[in-house]
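Chains, contacts and geometry: an overview
Each chain, letter by letter, is given below.
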Amino acid sequence: MDFKQSIRTVEDWPKKGISFKDITTMLKDAELFKASIKEMSAPFVNDNVDMVIGPESRGFIFGAPIAAELNAGFVPVRKKGKLPAATVSASYELEYGTDALEMHEDAIEKGQRVLIVDDLLATGGTISAVIELCEKAGAEIAGLSFMIELEFLNGRDKLRGRKISSIVKY
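What comes next is a walk through the structure. Computed from a predicted model, the values in this text were never measured in an experiment.

We now examine the nonpolar core. In terms of nonpolar packing, the biggest core is built from 26 residues, with Ile53, Met103, Ile108, Val114, Ile116, Cys134 and Leu144 touching the most fellow members. Counting residues per element, the ones that place at least two in this core are strand 3 (51-55), strand 4 (73-79), strand 5 (87-94), strand 6 (97-104), strand 7 (113-121), helix 5 (125-136) and strand 8 (140-149). In terms of residues, this core owes the most to one element, helix 5, which gives 6 residues. If we skip the residues at most four places from it in the chain, Ile116 touches Ile53, Ile127, Val130, Ile131, Cys134, Ile141, Gly143, Leu144 and Ser145. Judged by nonpolar contacts, the second largest core, of 25 residues, contains Phe3, Ile37, Ala142 and Leu150.

Written out as structure tokens, the structure reads:
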């Protein structure tokens, strides 16, 4: 399937100089969406994943169905102040700013194998923060799965030594 053709680029969003990769044009096609879940799951089917971790918000879109595909649980990672119970927190930098992410303290049990899923690997900042949250909880990182990778931003460099899969590369 040609996922790349179905992803729209929006120039100068959310700020001037950014070429935003908009997956909503791909998601509205049921066959492409189903195929994306299969492709993003495939490299990890034999990795004994206990939990899939999805950062807000597009990580939810892919993470929950990938968790179902892998017969694993799903843990949402939210922006600061959005979760109702006790949390752990990690700060990170984006290509256009800074933010913080949180996860419930009891979301992952020590020793569980987790797959971190998001729509996009850019600088690696967001995913590094998610890795930090998971490792604080005692999880073992089974891998990282992305729909899109912006190779020119070298996000992989921050994630050396990790099993990484990305479907569409720019």
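Following the criterion strictly, the structure yields 12 salt bridges and no others. Between Arg78 and Glu56 there is a salt bridge whose closest N-O contact spans 2.7 Å. Residue Arg78 is found in strand 4, and its partner Glu56 is found in the loop between strand 3 and helix 4 (58-69); the two are separated by 22 residues along the sequence. Residue classification places Arg78 among the partly exposed positions, given a relative accessible area of 22%. Judged by relative accessible area, Glu56 falls into the partly exposed class, the value being 22%.

The rules behind these values
- As a convention, each chain's residues are numbered from 1 in the sequence order in which they are written.
- pLDDT decides what is reported in this predicted model: residues at 70 or higher carry local features, side-chain atom pairs at 80 or more are listed and counted, and totals for whole chains, interfaces and linings draw on all residues regardless.
- Excluding hydrogens and water, the side-chain values take into account all heavy atoms of the structure.
- Take the buried Ala, Val, Leu, Ile, Met, Phe, Trp, Tyr and Cys residues and link them wherever side-chain atoms come within 4.5 Å; each set so joined is a nonpolar core.
- For the exposure calls, accessible area comes from a 1.4 Å probe over protein chains only, and a residue counts as buried if that area is under 20% of its type's maximum, exposed if over 50%, partly exposed in between.
- Helix numbering and strand numbering both begin at the N terminus, where a helix is a DSSP run of H or I of at least 4 residues and a strand a DSSP run of E of at least 2.
- Two residues qualify as a contact provided that any one of their heavy atoms is within 4.5 Å of a heavy atom in the partner residue.
- Salt bridge criterion: a side-chain nitrogen from Lys or Arg within 4 Å of a carboxyl oxygen from Asp or Glu.

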